[in-house]
Amino acid sequence: HAIHSNAAREYWSPADKEKLYAVKEFIARSYLEPLSLKALTRQFALNEFKLKKGYKYFFQTTVFGDIHRLRMQQARHLLSERMMNVTEVAWHIGYNNVSSFSHAFKKVFGFNPGSF
């Protein structure tokens, strides 16, 4: 059984690989939208297991890890360019709570978003 599961993890059909790369491209364009695994599985005709395992396999991160990374990069950009204040940025990237955003931002970058 262990051998079978290792083989299954290492083999991805060209069609599944193509779908997973399409998901990544879609996320890169749509990361500020409210995204869900269920919606992505429907849109790209992948089951949840393949989506989660394949994303991790090909991109070394999770779907939501990638979304979070993109949102934080956008937040840092908006703050560094002084396009929005911390509250506006938090709302813009999908946080309803500024202190949750500030905590997440500091965890990623090592400094508070208000430092800009």
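Quick caveat, the model's predicted, so the values are computed rather than measured.

(A) Highlighting the nonpolar core. Grouped together as the largest cluster of nonpolar side chains are 18 residues, with contacts concentrated most on Leu20, Val23, Ile27, Leu40, Leu51 and Val63. Secondary-structure elements contributing two or more residues to this core are α2 (14-30), α3 (37-44), α4 (48-59) and α5 (63-80). With sequence-adjacent residues up to four places away left out, Leu20 is seen in contact with Trp12, Leu46, Lys50, Leu51, Gly54, Tyr55, Phe58 and Phe59. In this structure, Val89, Ala90, Ile93 and Tyr95 belong to the second largest nonpolar core, which totals twelve residues.

(B) Examining α4 more closely. Its twelve residues give α4 an end-to-end C-alpha distance of 16 Å, which sits within 8% of 16 Å, the value for a rise of 1.5 Å per residue. All of the buried residues in α4 are Leu51, Gly54, Tyr55, Phe58 and Phe59. Buried positions in α4, seen along its axis, are confined to an arc of 105° and lie on one side of it. Check the buried side of α4 and you find it contacts α2, α3 and α5. In the segment just after α4, Gln60 is the residue with positive phi, at about 55°.

(C) Structural detail: the side chain of Asp66. Following the sequence through the fold, Asp66 ends up in helix α5. By relative accessible area, which is 2% here, Asp66 ends up buried. Leave out the neighbours within four places in its chain, and Asp66 touches Lys24, Tyr55 and Thr61.

Calculation notes
- Residues numbered from 1 in each chain as written.
- Predicted model: local features only at pLDDT ≥ 70, side-chain atom pairs only at ≥ 80, totals over all residues.
- Heavy atoms only, no water.
- Core = buried A, V, L, I, M, F, W, Y, C linked by side-chain atoms within 4.5 Å.
- Buried < 20%, exposed > 50% of the residue type's maximum accessible area, 1.4 Å probe, protein only.
- Helix = DSSP H or I, 4+ residues; strand = E, 2+ residues; numbered from the N terminus.
- Contact = heavy atoms within 4.5 Å.
- Expected span 1.5 Å × (residues − 1).
- Arc of directions from axis to C-beta.

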